[in-house]
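Structural characterization, general
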Amino acid sequence: MASIELNAINKVYPNGFHAVHDLDFSVADGEFMVLVGPSGCGKTTALRMVAGLEEITTGSVKIGSRDVTTLPARERDIAMVFQNYALYPHMTVAENIGFALSLRKLAKAELDRRVREAADVLSLTEWLDRKPAQLSGGQRQRVAMGRAIVREPAAFLMDEPLSNLDAKLRVQMRAEVSRIQRRLGVATMYVTHDQTEAMTMGDRVAVLNAGVLQQIDRPQVLYDSPDNLFVAGFMGSPAMNLYEATLSPDLDALRLGSQTLALPAELAAQRPALRSYADRKVVVGIRPEHLALANGDAAGKTLSVDTALVEALGSEQLLHFTIDARRLHAPGVDEETELGEAVAGIGVARIAPDGRLSDGARVQLAVRTDLLHLFDPATGVAIRS
């Protein structure tokens, strides 16, 4: 077993496109690290550089104690699971799993042992004599993983391995992949564009945008304490509501459009950097679950909104609303927009399933003002210290 270490790696293509910028982090032995970000953010390129399938422009990669920067892929002692299963249709499950070992001329007894062990880990034992065409999508993906497991590599690399599965099977396979990785205890880099996948699977998550590492931490930390607008807007479904707002001179209130929210007295003490934003614009972020239908007197802690659509999901409702405040797009998340570009005030609240709301109804939403996120409108950086 081994760790994976990326030391300020860069990828610049011959046409001058800088795909990955100074990517620098490590994956501990046994750790499940997820790289997440929108399409084209450089996560797959980074994975391919670690695998040896893409040349590194500058920087270095270590697997265990070995510097593998210039080594070909076959000498890096890694196993990769791709988006497409790439199974041989004429071979059985057992033959597919053991194919790489047969090329190494491994003794048949040892090959059979490794195939049986991998099949047991993946719950494929009863399917070993089947052909890929006789398997479900999830079973085929497990066979592809089995082919990687039998090699007993120092590290696993996975490039969107679940993206070809239907929604229900993806949920099931997320748990399966996590279970298998923890049982094997091998350092793993896993690439996905699905932030829900990242949140539920990773020990840590690295968020990338335009080839730049935005934040790396445990999933809950990324969710609760995003470093900037990109991470705030990307992590979470539904996404965080982001609005242009103005802090009062005394930092005791926040004005959104024509409405005012009272702020907790301890907020300024907890975030001394806010003093420099007195009577200035900020970006306020409100998670959908930090909004609820107001019940009784909550003066100064509610927002008046108009119901646009209610999605009943059984255990909860998603209330889509309009508000007379300027909603901001997080750059690179919602669409190709510059920081600070505003659109009509829309938002979403995650509310209890009881009670029915009609479209167009005006309602009061209670706001957890102690859990507001505040960002610099020019840089997008979180105002926390």
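The structure reproduced in this document is the subject of the present report.

Cut-offs applied
- Residues numbered from 1 in each chain as written.
- Predicted model: local features only at pLDDT ≥ 70, side-chain atom pairs only at ≥ 80, totals over all residues.
- Heavy atoms only, no water.
- Salt bridge = Lys/Arg side-chain N within 4 Å of Asp/Glu carboxyl O.
- Helix = DSSP H or I, 4+ residues; strand = E, 2+ residues; numbered from the N terminus.
- Buried < 20%, exposed > 50% of the residue type's maximum accessible area, 1.4 Å probe, protein only.
- Pairing = 2+ DSSP bridges.
- Contact = heavy atoms within 4.5 Å.
- Axes fitted to C-alpha atoms, helices over the stretch in contact; angles between N-to-C directions.
- Core = buried A, V, L, I, M, F, W, Y, C linked by side-chain atoms within 4.5 Å.

As enumerated under the stated definition, the model contains 21 salt bridges in all. Measuring nitrogen to oxygen at the nearest pair gives 3.1 Å for the salt bridge that ties Glu176 to Arg179. Here the residue Glu176 and the residue Arg179 both occupy positions in helix H5 (residues 167–184), the gap between them amounting to three residues, near one helical turn. Exposure remark for Arg179: the relative accessible area of 33% places this residue in the partly exposed category. Among the salt bridges present, the one from Lys281 reaches Glu244, with a minimum N-O distance of 3.7 Å. Taken together, the residues span a long stretch of sequence, with Lys281 in strand E14 (residues 281–286) and Glu244 in strand E11 (residues 241–247) at a distance of 37 residues.

Pairing is antiparallel in the open sheet, where four strands are placed in the order E2-E1-E4-E5. Two strands lie at the open edges of the sheet, namely strand E2 (18–27) and strand E5 (66–67), each paired on one side alone. Sheet analysis places strand E1 (residues 4–12) next to strand E4 (residues 58–63), joined by five bridges and oriented antiparallel. Residue pairing for E4: Asn10 is matched across the bridge by Thr58. Each of E1, E2 and E4 is contacted by helix H1 (residues 43–51), which is oriented at about 115° to E1, the strand it contacts most.

Another point: the nonpolar core. Counting 45 residues, the largest nonpolar core has Ile97, Val177, Tyr190 and Val207 as its most contacted members. Ignoring any residue separated from it by four or fewer positions in sequence, one finds Tyr190 in contact with Phe32, Met33, Val34, Leu35, Met158, Pro161, Leu162, Val177, Glu197 and Met201. Judged by nonpolar contacts, the second largest core, of 31 residues, contains Ala2, Leu6, Ile78 and Leu157.

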